[in-house]
Amino acid sequence: MTPVLYRATFLHTPESPFTHPGALRVHEDGGLLVSGGVIQASGDFAALHAAHPEVPVADRRGGLLLPGFIDTHVHLPQVRVIGGLGLPLLAWLEECALPEEARLANPTYARAVAQDFLAGLLGAGTTTALVFGSHFASAVDVFFEEAARVGLRAVAGQVVSDRLLRDELHTTPERAYAEGKALIERWHGVGRALYAVTPRFSLSASEGILAACAALMTEFPDVRFTSHINENVREVEVVRGLFPGARDYLDTYERAGLVSHRGVLAHNLHPSDRELGVLAERGCAVAHCPCSNSALGSGFFPLRRHLAAGVQVALGSDVGGGTGFSLLKEGLQAHFMQNLMGEAGVLLSPAHLLYLATRAGAQALGLEAQVGSFEPGQQFDAVHLQPLPGTPLDAVFRHAASPERALAAAFATGTPADIAGVWIGGQPVQARVQGRL
Ligand SMILES: O=c1[nH]c(=O)c2nc[nH]c2[nH]1
Ligand SMILES: [Zn+2]
């Protein structure tokens, strides 16, 4: 790939605004020198152009260029069941999610679903995703093939369970280990793919299944781990009954040896102080999925308590409990919900929202050296927001007092339709206006 100097208004958060006031970096007439898919220099356009006059310029002025979004919790098999509103978690799983998940036993169907799913992610500007895969190894294979074809940075794995779902979704510890091992050997570290060991949740995973997961984590010390925790009050109660010896929900994973810096647990709406302390101490991250939490009536996320304990938090869309792939929408919903919590909530600025949608996700996945900001040395994973003329967001962008105000408006009212281009590793993967990339 020949070098390119991108000229744009760009914003990023190489540091956390939760710990570094003034963490939002804004370059109104900025330049990003990209070669081999990697950012070589990052700063003001005029200085970079003067230093590299021979490098062709890609003019992206007139919108905002942001690091690609990082979705830390999203379900492959649920893209076609988005919108099952009005049910609590366990009823929603039974009525909406699981019947569809069973259909992925058919690899042809699974491929079509994977294509819908990937189109949704890229169309929303998501460049890296931690993906809850399918219960069927064949569908996970198909997903990795399709993800490689479109270029997504996918961290994904086979979902494993052995009780309380539907028979066709159940496996055994022996099969979970054998299929997981084969998938890891086929996909982990191949191109942009990484593997995540994925017991669905302790409600559907016996101690035997969790032990099989732990065996994979030990044998392959670089694969990631993901699951759900403390999402719904009834779910927490059932898990307590299934693991009478466990101190709490986290302990069901902890006793199996699954809680570490390689993990991301989704939701955690009802944690104890002990659980927060252990998550912080082990460096295990939490994926906050505010649209899903609202749609399923699961509850409010205690962000202030997570921050006070020192737990890494990032954003997840949780499609299809969530309502779509846009991390702009997740950021807005997070902002709304924290506002509605009053004193217990955290007032989230545009800088916080950008951080949660980008760099925080990279940190949660242990990918912060590669993606999440526009610092030199990072992959050029980017999303260009440029609303179509005549839209309300276009009016705000043209009249915004500052790029930070434009960023706030992007979270308040931006949608995938406002995305003009998406790059992963310097490659264009999505273009609204053909021929512009
Ligand atoms: O939001 C959720 N979506 C799911 O598919 C799921 N499975 C277990 N727990 C879950 N929570
Ligand atoms: Zn989920």
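These numbers were taken from a predicted model, which means no experiment stands behind them.

Asks: What is the right way to read the domain arrangement of the protein from this model?
Replies: Reports often express the size of an interface as the amount of accessible area lost when the parts come together. Structurally, the protein comprises domain 1 (4-68 + 372-431) and domain 2 (69-364). Each side of the interface is counted separately: domain 1 has 30 residues, and domain 2 has 29 residues. At six residues, helix 16 (residues 403-413) tops the list of elements feeding residues into the side of domain 1 that touches domain 2. A breakdown of the residues in the side of domain 1 that touches domain 2 according to their chemical character gives 19 nonpolar, nine polar and two charged.

Asks: Please explain the site of ligand 1 as it appears in this structure.
Replies: Neighbouring residues of ligand 1: His75, Leu89, Leu93, Ala97, Arg200, Phe201, His228, Glu231, Ser292, Asp318 and Gly321. Broken down by element, the shell around ligand 1 gets its largest block of residues, three residues, from helix 2 (residues 89-103). Considering only residue class, the shell around ligand 1 consists of four nonpolar, four polar and three charged.

Asks: Would you mind showing me how to read the pairing of strand 11 (residues 224-229) here?
Replies: Note on strand geometry: in a regular strand, side chains alternate between the two faces of the sheet. Where burial is concerned, most of strand 11 is hidden: six out of the six residues are buried. Side-chain alternation along strand 11 places Arg224, Thr226 and His228 on one buried face and Phe225, Ser227 and Ile229 on a second face that is also buried. The pairing of strand 10 (residues 194-199) with strand 11 spans two bridges and is classified as parallel. Along strand 11, the bridge assignment pairs valine 197 with phenylalanine 225. Relative to strand 12 (residues 263-267), strand 11 is paired through five bridges, and the arrangement is parallel. Bridge pairing in strand 12 links threonine 226 to valine 264.

Cut-offs used in this document
- Residues numbered from 1 in each chain as written.
- Chains lettered and ligands numbered in written order.
- Predicted model: local features only at pLDDT ≥ 70, side-chain atom pairs only at ≥ 80, totals over all residues.
- Domains from an automatic or database assignment.
- Contact = placed C-beta atoms within 7 Å.
- Helix = DSSP H or I, 4+ residues; strand = E, 2+ residues; numbered from the N terminus.
- Nonpolar A, V, L, I, M, F, W, Y, C, P; charged D, E, K, R; others polar.
- Near = placed C-beta within 6 Å.
- Buried ≥ 20, exposed ≤ 12 C-beta atoms within 10 Å, placed from the backbone.
- Pairing = 2+ DSSP bridges.

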